[in-house]
Amino acid sequence: MEFLEVEESSISEADLEQIVAIVAATANPPASFAAIRNSRKWGEEKKSVLYLRNALSQLIDTNRLCGNEKDGFSVINANQ
């Protein structure tokens, strides 16, 4: 069975907002991929690596976050 990438349209706006909230609440920015994925804010439903990568990519493309998986992620301040 082949695994296909998650389409961007299947990533909920609520999940995108949750990721931004997790990154914004990070005590020592930038937030690592692991910190975002393992955040308690997800509750019992831990998101898949592929889903989070696609969501983070979408947030970067729409200028809501900056960074990458290696260096971590930060919220782009709209007031800059």
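How each quantity is defined
- Residues numbered from 1 in each chain as written.
- Predicted model: local features only at pLDDT ≥ 70, side-chain atom pairs only at ≥ 80, totals over all residues.
- Heavy atoms only, no water.
- Pairing = 2+ DSSP bridges.
- Helix = DSSP H or I, 4+ residues; strand = E, 2+ residues; numbered from the N terminus.
- Buried < 20%, exposed > 50% of the residue type's maximum accessible area, 1.4 Å probe, protein only.
- Contact = heavy atoms within 4.5 Å.
- Phe/Tyr/Trp six-rings, centres within 6.5 Å; stacked < 30°, edge-to-face > 60°.
- Lys NZ or Arg CZ within 6 Å of the ring centre and 35° of its normal.
- Axes fitted to C-alpha atoms, helices over the stretch in contact; angles between N-to-C directions.
- Parallel < 35°, antiparallel > 145°, perpendicular 65-115°, else oblique.
- Nonpolar A, V, L, I, M, F, W, Y, C, P; charged D, E, K, R; others polar.
- Salt bridge = Lys/Arg side-chain N within 4 Å of Asp/Glu carboxyl O.
- Expected span 1.5 Å × (residues − 1).

Engineer: I'm lost on the pairing of strand E2 (residues 72-75) in this one. Help?
Structural biologist: In the case of a regular strand, side chains alternate between the two sheet surfaces. Two strands pair when backbone bridges link them, and strand E1 (residues 65-68) and E2 are joined in this way by 4 bridges, in the antiparallel orientation. Within E2, the residue paired with Gly67 across the bridge is Phe73. Connecting E1 to the antiparallel partner E2 that follows it, the hairpin turn spans 3 residues.

Engineer: What's the story with the side chain of Lys47 in this structure? I'm lost.
Structural biologist: One can find Lys47 in the loop between helix H2 (33-37) and helix H3 (49-61). Judged by its relative accessible area of 9%, Lys47 falls in the buried class. When near neighbours in sequence (up to four residues on either side) are disregarded, Lys47 contacts Asp15, Arg37, Trp42 and Leu52.

Engineer: Help me understand the packing of aromatic side chains, please; the structure alone is not making it clear to me.
Structural biologist: A ring pair, where both rings are aromatic, is described by two values, the distance of the centres and the angle of the planes. For the structure on display, the rule yields 0 aromatic pairs. Positioned over the ring face of Phe33 is Arg53, at 5.7 Å from the centre of the ring.

Engineer: Looking at this structure, how should I read the packing of helix H1 (residues 13-24) against H3?
Structural biologist: Two numbers describe how H1 lies on H3: the axes approach to 10 Å, and their chain directions differ by 80°. Overall, the two elements H1 and H3 adopt an arrangement that is roughly perpendicular. Residues Asp15, Leu16, Ile19 and Val20 of H1 pack against Tyr51, Leu52, Ala55, Leu56, Gln58 and Leu59 of H3. Grouping the amino acids of the contact of H1 with H3 by side-chain chemistry returns 8 nonpolar, 1 polar and 1 charged.

Engineer: What exactly am I supposed to notice about the pattern of salt bridges here?
Structural biologist: Side chains bearing opposite charge may pair, as long as their charged atoms lie close to each other. Per the counting criterion, the structure on display carries 6 salt bridges. For the salt bridge of Lys70 with Asp71, the shortest nitrogen-to-oxygen distance reads 3.7 Å. Through salt bridges with shared partners, a single network forms among Glu13, Glu17 and Arg64.

Engineer: Looking at this structure, how should I read H3?
Structural biologist: Every α-helix carries 3.6 residues per turn, so stepping three or four residues along brings you back to the same face. For H3, built from 13 residues, the straight-helix expectation of 18 Å at 1.5 Å per residue is met to within 8% by its first-to-last C-alpha distance of 18 Å. All of the buried residues along H3 are Tyr51, Leu52, Asn54, Ala55, Leu56, Gln58 and Leu59. Buried-residue contacts for H3 involve H1, H2, E1 and E2. A positive backbone phi angle near 60° is found at Asn63, which sits one or two residues after H3.

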